[in-house]
Amino acid sequence: MTRPTRILGIETSCDETAAAVIARDEEGRGQILSNVVLSQLKDHAPYGGVVPEIAARAHVTHLDRLIAQAMAESGFDYKDLDGVAATAGPGLLGGVIVGLTMAKAIAFAHGKPLLAVNHLEGHALTARLLQDVEFPYLLLLISGGHTQFQMVEGVGRYHRLGTTIDDALGEAFDKVAKLLGLGYPGGPQVERLARRGNPQRFDFPRPLKGRKDCNFSFSGLKTAVREVVNDLGTLTDQDVADVCASFEAAVAETMADRLKMAVHLFRVAHPQVEHPALIVAGGVAANQTLKAVFERAATLHRLQLIVPPAKLCTDNAAMIAWAGAERLALGLTDPLDFAARARWPLDQAQAPVYGSGKLGAKA
């Protein structure tokens, strides 16, 4: 019996600096040997968002120490590795370059294959690290930078069903929080206050509801929130809670409608899959109101709902290492001159969706 494949993973696409080591056995089962994540939240909070230059400098400062910690916790040395994986995009280019360059140096110094991983593929394949999930399945990726449905038909085989034509969902949460004077990141703040608010006080729009596709739009919803906030003038604590609850209710109803369309499109493409898996990944997957929406949808549409643990939904290196292991199992490696990419769509065959201008890049 051959020993499991061991991969070092590096993630530096945004404001988390992360390193991990995973193992994948010949049956395709995964094991996390170490998973170290350093959040830069306190560095960016004063600015109300991620500052690319600060993020890149923090990666430079901390990455070598985190890699050493991940290797030590795994119990293995570099000679015991079978490959080195790193996020090569999409993301903040300065940060991506830091992590990818470090991976190239380690791979070259120790004679190991380089695995240049699409950050979105890391999210797309995470569920297979945790349990036996057969292709094809439906992926909903919801984070600060991405909101999209993908049919995951195999490693490197993706078909985009829908995406946002403007803001990502996590971005919309953060912008609403900023309008209300809440802290950064805004999503957890909005969710916390929504629990004691009246979700029916404000009738916010449900963008694209009823459309015969499964794209998203959150810009108009954000504008409606701004208009209400401006009309209210001085906000009481209850006003803030009611706005949060009404916003979250609008998002929940929108997501349920968009998910219904995505499931329909998936079943048309794969009628032989009786109970498809729905994988929900990305930082917004931790929102409990939305999780309840997904659970109801799973029951209604006969889906197998899988939401990875929060630490594997937010940016981490274990998912990058796992994507690298999945690619290596198929013989897919990359040259040492592989270039970092700020923009790298997961489904490169699909035409860009034009809205804010960023969708051709991120979706």
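Residues numbered from 1 in each chain as written. Predicted model: local features only at pLDDT ≥ 70, side-chain atom pairs only at ≥ 80, totals over all residues. Heavy atoms only, no water.

### Looking at unusual backbone geometry
And step 1. Across the junction of Gly 89 and Pro 90, the peptide omega takes the value -10°, indicating a cis bond.
And step 2. Here Pro 90 lies in the loop between strand 4 (83-89) and helix 3 (93-110).
And step 3. One non-glycine residue, Leu 208, lies in positive phi territory at about 65°.
And step 4. Mapped onto the fold, Leu 208 is located in the loop between helix 6 (186-194) and helix 7 (219-232).
And step 5. For Leu 208, a relative accessible area of 17% puts it in the buried group.
And step 6. In this model, Arg 302 sits at a positive phi of 60°, which is unusual for a non-glycine residue. (Helix = DSSP H or I, 4+ residues; strand = E, 2+ residues; numbered from the N terminus. Buried < 20%, exposed > 50% of the residue type's maximum accessible area, 1.4 Å probe, protein only.)

### Section: the packing of aromatic side chains
And step 1. By the definition in use, this model includes six aromatic pairs.
And step 2. Aromatic side chains Phe 216 and Phe 218 sit 6.0 Å apart centroid to centroid with 20° between the ring planes, which places their arrangement in the stacked category.
And step 3. Note on Phe 338 and Trp 344: the rings are 5.8 Å apart at their centroids and 40° apart in plane angle, and the pair reads as tilted.
And step 4. Trp 344 sits in the buried class, given a relative accessible area of 9%.
And step 5. Counting every residue linked through ring pairs, the aromatic cluster contains Phe 149, Phe 216 and Phe 218.
And step 6. The lysine or arginine in question, Arg 341, covers the ring of Trp 344, its NZ or CZ lying 4.4 Å from the ring centre. (Phe/Tyr/Trp six-rings, centres within 6.5 Å; stacked < 30°, edge-to-face > 60°. Lys NZ or Arg CZ within 6 Å of the ring centre and 35° of its normal.)

### Remarks on the packing of helix 5 (residues 169-179) against helix 8 (residues 237-269)
And step 1. One way to put it is that helix 5 packs onto helix 8 with a least axis distance of 12 Å and a crossing angle of 165°. For the element pair helix 5 / helix 8, the angle class is roughly antiparallel. Crossing hand, helix 5 versus helix 8: right-handed. Of helix 8, the residues touching helix 5 (which contributes Leu 169, Ala 172, Phe 173 and Val 176) are Phe 247, Glu 248, Val 251 and Met 255.
And step 2. Counted by class, the contact of helix 5 with helix 8 contains seven nonpolar, no polar and one charged residues. (Axes fitted to C-alpha atoms, helices over the stretch in contact; angles between N-to-C directions. Parallel < 35°, antiparallel > 145°, perpendicular 65-115°, else oblique. Left-handed = near helix turned anticlockwise from the far one by under 90°. Contact = heavy atoms within 4.5 Å. Nonpolar A, V, L, I, M, F, W, Y, C, P; charged D, E, K, R; others polar.)

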